[in-house]
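One letter stands for each residue in the lines below.
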Amino acid sequence: MAIRTIVTVNSPKGRVLREKAKKVTNFDTMLIRLVRDMQETMKDAPGVGLAAPQIGVPLRVLVAEYEDEHAVLVNPEILKQSGEVKGTEGCLSIPGYVGDNIRRAEQILVKGKNEHGVVVRITAKGWFARVLQHEIDHLDGILYTDRLDDPKDFREITDEEDEEELAPSVS
Ligand code: ZN
């Protein structure tokens, strides 16, 4: 396993964050290695979610872990969504900033495969649902900054928001 470099929006490789990632067709050892590296990179950051384009790999793969909920999703699709909640999000690819009042569905049902090619369905609510929607957006080249209602909601992290407090919101 290895910790990979996280691509940030203004870095030379940042364009990968704006591309639509490709569907995974081969469920092989390379994919398993990718997922393990993503999990390790996410924990090291630290973050609660990571999408493959964030380490420069344009494939539809995401990992997420928040409290006792965790997910590995390959080729994820949101099958159902309900409710709407506003919240603050950060992104490992946009260091030092957060966005307030980002609208997300309150509850979602996601279908995908795990790293072994087994179909998985995940019902997520609240914060974990937000993390998954944020990561699925990454697979379509969408960043939370695209979802701001008001540009003023994009702001630098303040001194009061220490890193530990923000860690659960950064993905
Ligand atoms: Zn992100």
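See the structure shown above.
Residues numbered from 1 in each chain as written. Predicted model: local features only at pLDDT ≥ 70, side-chain atom pairs only at ≥ 80, totals over all residues. Heavy atoms only, no water.

S.K.: I'd like to hear about the overall build of the chain, residue by residue, with values.
M.R.: Secondary structure assignment for the chain yields 3 helices and 8 strands. Taking 16 Å as the expected radius of gyration for a compact globule of 171 residues, we find that the chain reaches 15 Å, a close match to that expectation. In terms of its C-alpha atoms, the chain occupies a principal-axis envelope of roughly 45 × 35 × 30 Å. Counting every position in the chain, which comprises 171 residues, the buried fraction comes to 46%. In the chain, the share of contacts with a sequence separation of at least 24, taken over all contacts with a separation of at least 6, comes to 69%. Side chains of the chain give 23 positive and 30 negative charges; the mean places of these two sets differ by 11 Å. (Helix = DSSP H or I, 4+ residues; strand = E, 2+ residues; numbered from the N terminus. Rg over C-alpha atoms; globule rule 2.2 N^0.38 Å. Buried < 20%, exposed > 50% of the residue type's maximum accessible area, 1.4 Å probe, protein only. Contact = heavy atoms within 4.5 Å. Lys, Arg positive; Asp, Glu negative; His and termini not counted. Charge placed at Lys NZ, Arg CZ, Asp CG, Glu CD.)

S.K.: Give me the coordination of the zinc ion: which residues, what numbers.
M.R.: Listed as protein donors to the zinc ion are C91 (SG), H134 (NE2) and H138 (NE2); their distances from the metal cover 2.0 to 2.3 Å. Read N to C, the donor residues that coordinate the zinc ion are spaced as C-x42-H-x3-H. Pair noted here: C91 is in the loop between strand 4 (85-90) and strand 5 (97-104) and H134 is in helix 2 (residues 126-139), with a separation of 43 residues, a long-range link. H134 matches C91 in its accessibility class, with the two residues each being buried. (Donors = N, O, S within 2.8 Å, 3.2 Å for Na, K, Ca; no water.)

S.K.: Describe in detail the sheet that holds strand 8 (residues 154-156), supporting the description with residues and values.
M.R.: Taken together, 3 strands build an open sheet; the order of strands is 4-5-8 and the sheet is antiparallel. If you trace the sheet from one side to the other, it starts and ends with strand 4 and strand 8, each paired once. Strand after strand, the sheet turns through a mean of 30 degrees between neighbouring axes, direction not considered. Pairing geometry for strand 5 and strand 8, over 3 bridges, is antiparallel. By the bridge assignment for strand 8, G99 is matched with F154. Here helix 2 sits on the sheet in contact with strand 4 and strand 5, set at roughly 60 degrees to strand 4. (Pairing = 2+ DSSP bridges. Axes fitted to C-alpha atoms, helices over the stretch in contact; angles between N-to-C directions.)

S.K.: Please give an account of the environment of G49 that cites residues and values.
M.R.: The topology assignment puts G49 in strand 1 (residues 49-51). With near-sequence residues (within four places) excluded, G49 lies in contact with M42, Q54, V63, A64, L92, V131, E135, V170 and S171.

S.K.: Any chance you could break down the pairing of strand 5 for me, citing the residues and the numbers?
M.R.: The pairing of strand 4 with strand 5 spans 5 bridges and is classified as antiparallel. From the neighbouring strand, K86 faces strand 5, where its bridge partner is R103.

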